[in-house]
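Structure assessment
Single-letter residue listing:
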Amino acid sequence: MKVIFQEFGTAIIAIITAALIIGILFGISVSGRHGILEIAGTATNKVEVDYTSYSDFDSVVTWHNRTKPVAAYTATFGRFFAIENTSFLERYYAKDMEGSIYPMDEVIIAKLFTNNMFGKLLDIRKADGTSVMSAYSEVNGSIRFPSAGVYEVYFQIRDRENLTSVWKIPIAVDERRN
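Positions within a chain are numbered from 1, following the residues in the order the chain's sequence is written. The predicted nature of this model means local features are confined to residues of pLDDT at least 70 and side-chain atom pairs, given and counted, to a pLDDT of 80 or more, with totals for whole chains, interfaces and linings taken over all residues. By convention in this description, side-chain values take in all heavy atoms of the structure and omit both hydrogens and water.

1. A word on the sheet that holds strand E7 (residues 101–103)
Any two strands are treated as partners once DSSP identifies two or more bridges connecting them. Going along the chain from the N terminus, every DSSP run of H or I of four or more residues is numbered as a helix, and every run of E of two or more is numbered as a strand. If you walk across this open sheet you meet the three strands as E3-E6-E7, and the pairing is antiparallel. Looking at which strands have only one partner, the edges of the open sheet turn out to be strand E3 (70–73) and E7. The average undirected angle you get between the axes of adjacent strands in this sheet is 30°. Relative to strand E6 (residues 92–95), E3 is paired through four bridges, and the arrangement is antiparallel. Bridging across to E6, Val 70 finds its partner in Lys 95. Lines are fitted to the C-alpha atoms to define the axes, a helix being fitted only along its stretch in contact, and any angle between axes, read from their N-to-C directions, falls within 0 to 180 degrees.

Written out as C-alpha cells, the structure reads:
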C-alpha cells in the first residue's frame, strides 16, 4: 500500500480534489436553484433595446447604404484603333454617390477635384493578362495600343467620403482599315 501511495499519491489527491470541487459547484442550492450554472444564469436576463428609435438611426442607415463611386466609359468618343496615339482618359468618367460626374482625365491627370474625387489608373491589360501600361502616357493620358484586340482597363476611384472601388472595364481595339 505504501508503494501505491508513493507512485499514485498525487494523482489520487488530484482526483479527490476535483470530485469535491465539482460536488460543491453543482451541489449548491440557492433560492430553489441547484448548481452554480443555474444560479449564475439568473442574473443574465437580457433586456432588448430597440435601436431604430434613436434619432440618428436613419442617417446611419443612409450612410451604410450609399453607393460606391463608379467608373465608366463614354461611348460617344468612338472606337479605339491600334498603332494610333489616342486620348485615352477623356473617354472615361467617375461618378460619386450623389450622381456628380467627373471626367477621368481631370480627376487623374489635372487633379482638379482633389476634395471630391480621387482616381488612379491601375493597369491596362490584354485579354491574356499582359500589361500594356508602357504604351500609356501619364503626362497627357494618351495611349498607343500595340495591336488590335480586347483590353481590360483597371481604375481605382475614391470619393470625398473615402469610399473606394476598383473597376475593370473591357474595351475593344480595332485595326484601322484604309
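2. Examining the nonpolar core
In plain words, nonpolar cores are sets of buried Ala, Val, Leu, Ile, Met, Phe, Trp, Tyr and Cys residues tied together by side-chain atoms within 4.5 Å. Burial classification: accessible surface area is computed with a 1.4 Å probe over protein chains only, and a residue below 20% of its type maximum counts as buried, one above 50% as exposed, and the rest as partly exposed. The biggest cluster of nonpolar side chains holds 25 residues, and the ones touching the most others in it are Phe 88, Tyr 92, Met 104, Ile 124, Phe 145 and Phe 155. Of all the secondary-structure elements, those providing two or more residues to this core are E6, helix H4 (104–108), strand E8 (117–126), strand E10 (149–159) and strand E11 (164–174). Top element by residues in this core is E10. It accounts for four residues. We call two residues in contact whenever any of their non-hydrogen atoms come within 4.5 Å of each other. In contact with Tyr 92, other than residues within four places in its own chain, are Ala 72, Tyr 73, Phe 80, Pro 103, Met 104, Val 153, Phe 155, Ile 169 and Ile 171.

3. Looking at a nonpolar patch on the surface
A cluster of nonpolar residues, Met 1, Ile 4, Phe 5, Phe 8, Ile 12, Ile 16 and Leu 20, forms a patch on the protein surface that exposes about 750 Å² of accessible area. Along the polypeptide, Ile 16 turns up in helix H1 (residues 2–27). Patch definition: residues above 30% relative accessible area lacking any salt bridge, with like charges linked at up to 9 Å and the nonpolar side chains Val, Leu, Ile, Met, Phe, Trp and Tyr linked at up to 5 Å. A 1.4 Å probe and the Shrake-Rupley method give the accessible areas. Residues count as covered only by the protein chains that appear here. Salt bridges, as used here, are contacts in which a Lys or Arg side-chain nitrogen is within 4 Å of a carboxyl oxygen on Asp or Glu.

4. Description of the sheet that holds strand E4 (residues 80–81)
Read from one edge to the other, the open sheet built from four strands follows the order E4-E11-E10-E8, with strand pairing classed as mixed. Two strands bound the open sheet, and with one partner strand each, they are E4 and E8. Where E10 meets E11, 10 bridges bridge the pair, whose relative direction is antiparallel. Residue pairing across strands places Tyr 151 opposite Ile 171, the latter belonging to E11.

5. As for the pairing of E10
Of the pairings in the sheet, the one linking E8 to E10 comprises nine bridges and is antiparallel in character. By the bridge assignment for E10, Asp 123 is matched with Tyr 154.

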